[in-house]
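# Coordinate analysis (summary)
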Amino acid sequence: MKIILFHLALTCFFLSCCSRVIAQSNPISVTLLGNSLSNNDTAKCMFGLNRTLGLIHRTDSDENSIYLIAYKGSQYKIGNGNWVTMPIVDAFPTDDYGTAIPIEDTIHFYHDVKFYNSYYDENYSLNSFATTGGLIDFRLIFSTRKAGFSDSVIYSSPLHILVPPALQQDVSALQYISQQKETCPELIYFFSNSFCPTLKCYNTYEYLSTNFSDSILGKMSKQRLALISCKLYGPEINDMLEIKASIKNAKDILLDSDIEYLKDLAKYLICVEN
């Protein structure tokens, strides 16, 4: 009996040690916070666009270890379904592992939740969800790298987001976009952080801004048209009163929004003087 107890205690000891080793092998955690510093949030529209606070925390005190972290995308889950990895769409991908995590410190960052490309890619079948809205779980994916070790994948804590039902103009604008994919392939970059629209899609943006002016896609199209004008005319645009007024109008519409992401888009319209 003593031998059995000894072996049992020894097994528990090794399991405990292994557990600590595993936990300490990558002492990085990522937490997403929504409204009122909780893990609950409400989307601004069917495309998400709520800005969430993220915390990257390193708990060890090993001054000889350097941990780097890289953003690898995001996932969503509806109800008891599986986690679905969302497409990463960026015209100009950023460099991997650009951030070193300080010892026993916390890095704060903001992330704009974007569901647009999961609607754009019809294989994700989110359109029926958009009609009713509902609760969706969302999390970010990161990869961490420690010198001399292989990369490790970590996930943020899940954020529970209440997505409102889609507005009719947003639904109609999205339907129009689905018909323009071949004519205007760059629509896939509609919510890309760094992208310059082209004249090839001018008519598409103009149709969206004119016919769905109250939708998110219509407002963003106004910004795309303004960017094209800035690119075409440069400093001369301040002498072109009608075009200048159109750009200032687009800028005012964006700044008047309660969505921080849209307000940020206004910052790119710097070709007109105040």
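From a predicted model like this one, the values you see are computed outputs, not experimental measurements. (Residues numbered from 1 in each chain as written. Predicted model: local features only at pLDDT ≥ 70, side-chain atom pairs only at ≥ 80, totals over all residues. Heavy atoms only, no water.)

## What to know about a nonpolar patch on the surface
A cluster of nonpolar side chains, contributed by Leu199, Leu232 and Tyr233, occupies part of the molecular surface with about 280 Å² of accessible area. Here Tyr233 shows up in helix H6 (residues 216–233). In this structure Tyr233 comes out as partly exposed when scored by relative accessible area, which is 31%. (Patch = residues over 30% accessible without salt bridge, like charges linked within 9 Å, V, L, I, M, F, W, Y side chains within 5 Å. Areas by Shrake-Rupley, 256 points an atom, 1.4 Å probe, with all protein chains shown as cover. Salt bridge = Lys/Arg side-chain N within 4 Å of Asp/Glu carboxyl O. Helix = DSSP H or I, 4+ residues; strand = E, 2+ residues; numbered from the N terminus. Buried < 20%, exposed > 50% of the residue type's maximum accessible area, 1.4 Å probe, protein only.)

## Thoughts on the pairing of strand E8 (residues 134–146)
Most of E8 is tucked away: 11 of the 13 residues are buried. Where strand E4 (residues 67–77) meets E8, 10 bridges bridge the pair, whose relative direction is antiparallel. Each bridged residue has a counterpart across the sheet, and for Leu68 the counterpart in E8 is Arg145. Pairing of E8 with strand E10 (residues 159–163) involves five bridges; the strand directions are antiparallel. Across the sheet, Ile136 pairs through a bridge with Ile161, a residue of E10. Pairing of E8 with strand E9 (residues 152–155) involves four bridges; the strand directions are antiparallel. Its bridge partner lying in E9, Ile141 is registered against Tyr155. (Pairing = 2+ DSSP bridges.)

## Considering the nonpolar core
The biggest cluster of nonpolar side chains holds 66 residues, and the ones touching the most others in it are Phe47, Tyr116, Phe190 and Phe191. Looking at this core element by element, the count peaks at eight residues for H6. The residues touching Phe190, leaving out its near neighbours within four places in the chain, are Tyr116, Ile177, Tyr205, Leu208, Leu217, Met220, Ser221 and Arg224. (Core = buried A, V, L, I, M, F, W, Y, C linked by side-chain atoms within 4.5 Å. Contact = heavy atoms within 4.5 Å.)

## Side note on the pattern of salt bridges
Counted under the stated rule, the structure contains eight salt bridges. Ionic pairing is found between Asp112 and Arg51, a salt bridge with its closest N-O pair at 2.8 Å. Of this pair, Asp112 sits in strand E7 (residues 106–114) while Arg51 is found in strand E3 (residues 48–58), placing the two residues 61 residues apart along the sequence. Since its relative accessible area comes to 29%, Arg51 is described here as partly exposed. Here the salt bridges share partners, and the residues they tie into one network are Arg51, Asp112, Asp264 and Lys267.

## Details of the sheet that holds E3
As summarised here, the arrangement of the three strands in space is E1-E3-E7, forming an open sheet in which the pairing is antiparallel. Bordering the open sheet on either side are strand E1 (28–33) and E7, each of which pairs with just one other strand. With direction set aside, neighbouring strand axes in the sheet form an average angle of 25 degrees. Taken together, the eight bridges between E3 and E7 define a ladder with antiparallel strand orientation. Along E7, the bridge assignment pairs His57 with Thr106. (Axes fitted to C-alpha atoms, helices over the stretch in contact; angles between N-to-C directions.)

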